[in-house]
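Below, each chain spelled out in residue letters.
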Amino acid sequence: MSANRATAPYYFVPGPSRHPITASFGMLLVGAGAAGWVNGAAWAPWVCMAGLVWFLFVLKGWFGDAIVESEGGLYGKRIDVSYRWSMGWFIFSEVMFFSAFFGALFYARAITMPWLGDLNNKILWPDFAAVWPNTGPAGTVEPFQTMGPWPIPTINTALLLMSGVTLTWAHHALLAGKRSQVIQGLVLTVLLGAVFMGFQVYEYMHAYSDLNLKLTSGIYGSTFFLLTGFHGFHVTMGAIMLAVVLVRVMKGHFTPDNHFAFEGAAWYWHFVDVVWLFLYIVVYWL
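As annotated in an unreviewed UniProt entry, the protein chain is cytochrome-c oxidase from Cupriavidus respiraculi.

Right, here's the structure in full:
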């Protein structure tokens, strides 16, 4: 069982840690490898993967230390408030992250295309048609088909909405002290997330092989894969977070009044759900 916060110190301050510098080193390898990868360097994929594995290994130890401190009764109410503010600002930064990509899509469709298609630009781009999706002037982009909302995107929408319901059920069960229901709800949520990702992988295979829709397919292809790809990455991270919470629940962690790790992961998951709803409408329908 989780320790009572009433016995915790006024404000716990951890000692010096190696984790920040070692995590930074891993991210340096990831960044260098990714930069080399997109430029065709043969060594780059291995460096990027090595940096990612290193970073995940560091996170495992870092979060493990935090779990030990929490279960050891070192985290009181003030630490709980600090975590809540930190998670809130983190999710706000994610909102800004996705806003940049949605903004790029809006700018391309609502501002750039009409501007390039007006009379002043007909001399420069006589063959340009200001319609969405666009293949560029004089067909500089290979012909492709767009991805519609049926059936996979709509199925995925139902899966994520259902996962929000199962996660909320698990949260209410935790508040009521019904641990078996918490486990059931979390298992269902993680499974729904995994099925979502499976469908997205199939959707990408279909896009490349059948629709000739690629990351290089003009502004439509780049915004489509950036928005859906980064969202899929966030779904994967959210599922991993919930899986860790599930293991902790099975180990007897958390109480009805002390379970921020569960709440933080749930906030993140619901944020991912909301982003998908905007994405589903803007990318697949409009």
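Here we take up the overall build of the protein chain. Within the protein chain, the regular secondary structure consists of seven helices and zero strands. The helix and strand sequence of the protein chain, counted from the amino end, reads α-α-α-α-α-α-α. With the principal axes as the frame, the protein chain shows a C-alpha extent of 75 × 40 × 35 Å. Expressed as a percentage of its 286 residues, the buried residues of the protein chain come to 39%. Sequence-distant contacts, at least 24 apart, represent 73% of the contacts inside the protein chain between residues at least 6 apart. Surface exposure of the protein chain reaches about 15900 Å², of which carbon and sulfur atoms provide 74%. Positive and negative side-chain charges of the protein chain, numbering 13 and 13 respectively, have mean locations separated by a distance of 10 Å.

Here the focus is the side chain of Glu94. With respect to the helices, strands and loops of the structure, Glu94 is situated in helix H3 (residues 77-116). Of the side chains with opposite charge, Arg84 comes closest to the buried, unpaired Glu94, at an N-O distance of 18 Å.

Another point: the UniProt feature "transmembrane region" (unreviewed entry) in the protein chain. The UniProt feature table records "transmembrane region" (unreviewed entry) at residues 21-38, 44-68, 89-108, 150-170, 182-202, 222-247 and 267-285. Annotated as residues 44-68, this span is 100% helix and 0% strand, and its ends, taken at the C-alpha atoms, are 36 Å apart. Helix makes up 100% of residues 182-202 and strand 0%. Its end C-alpha atoms lie 31 Å apart.

Here we come to the nonpolar core. The nonpolar side chains of a soluble globular protein tend to be buried, and buried together. Within the largest apolar cluster, 47 residues are counted, with the highest numbers of intra-cluster contacts made by Met147, Leu186, Leu213, Phe224, Leu227, Phe262 and Tyr284. Elements represented by at least two residues in this core include exactly H3, helix H4 (152-175), helix H5 (179-210), helix H6 (218-250) and helix H7 (260-285). The element best represented in this core is H7, accounting for 14 residues. The residues contacting Phe262, other than those within four sequence positions of it, are Leu167, Ala170, His171, Leu174, Val182, Leu186, Val245 and Phe254.

This next bit is on the environment of Trp267. With respect to the secondary-structure elements, Trp267 resides in helix H7. Placed 227 residues apart in sequence, Trp267 and Gly40 show a C-alpha to C-alpha distance of 38 Å. Not counting chain neighbours up to four residues away, the residues in contact with Trp267 comprise Arg84, Met87, Gly88, Ile91 and Phe260.

Looking along the chain, the bond that leaves Trp132 and enters Pro133 is cis, with omega of 0°. Position of Pro133 among the secondary structure elements: in the loop between H3 and H4. Residue Trp150 is joined to Pro151 through a cis peptide bond whose omega torsion reads -10°. As for its position among the elements, Pro151 is in the loop between H3 and H4. Phi at Asn212 is positive, roughly 55°, even though this residue is not glycine. One can find Asn212 in the loop between H5 and H6. Here Asn212 falls in the partly exposed class, since its relative accessible area comes to 22%.

As a packed pair, H4 and H7 sit with axes 10 Å apart at the nearest point and diverge in direction by 160°. In terms of orientation, H4 and H7 fall into the roughly antiparallel class. Every pair of crossing elements has a handedness; the one defined by H4 and H7 is left-handed.

Criteria and cut-off values
- As a convention, each chain's residues are numbered from 1 in the sequence order in which they are written.
- Per-residue local features of the predicted model are confined to residues with pLDDT of at least 70, and side-chain atom pairs are confined, for both listing and counting, to 80 or more; whole-chain, interface and lining totals are unaffected and use all residues.
- To obtain the side-chain values, all non-hydrogen atoms of the structure were used and water was disregarded.
- Going along the chain from the N terminus, every DSSP run of H or I of four or more residues is numbered as a helix, and every run of E of two or more is numbered as a strand.
- For every residue, the accessible area (1.4 Å probe, protein chains only) is compared with the maximum for its type, and the residue is labelled buried under 20%, exposed over 50%, or partly exposed between those bounds.
- By definition in these notes, contact holds between two residues if any of their heavy atoms fall within 4.5 Å.
- For the accessible areas, the method is Shrake-Rupley and the probe is 1.4 Å, while residue cover comes only from the protein chains on display.
- The sign given to each residue is positive for Lys and Arg and negative for Asp and Glu; His and the chain ends receive no count.
- In this description, the location of a charge corresponds to atom NZ of lysine, CZ of arginine, CG of aspartate or CD of glutamate.
- The salt bridge criterion pairs a side-chain nitrogen of Lys or Arg with a carboxyl oxygen of Asp or Glu, the two atoms within 4 Å.
- UniProt positions are given in the numbering used here, feature names are shortened, and annotations may be inferred rather than shown by experiment.
- The nonpolar core is taken to be a set of buried Ala, Val, Leu, Ile, Met, Phe, Trp, Tyr and Cys residues, with the residues joined through side-chain atoms within 4.5 Å.
- For every element, the axis is a line fit to its C-alpha atoms; helices are fit only across the contacting stretch, and the angle between N-to-C directions ranges from 0 to 180 degrees.
- Roughly parallel here means an angle under 35 degrees, roughly antiparallel means over 145, roughly perpendicular means 65 to 115, and every remaining angle is called oblique.
- It is the rotation of the near helix from the far one that decides the hand of a crossing: anticlockwise by less than a right angle makes it left-handed, clockwise makes it right-handed.

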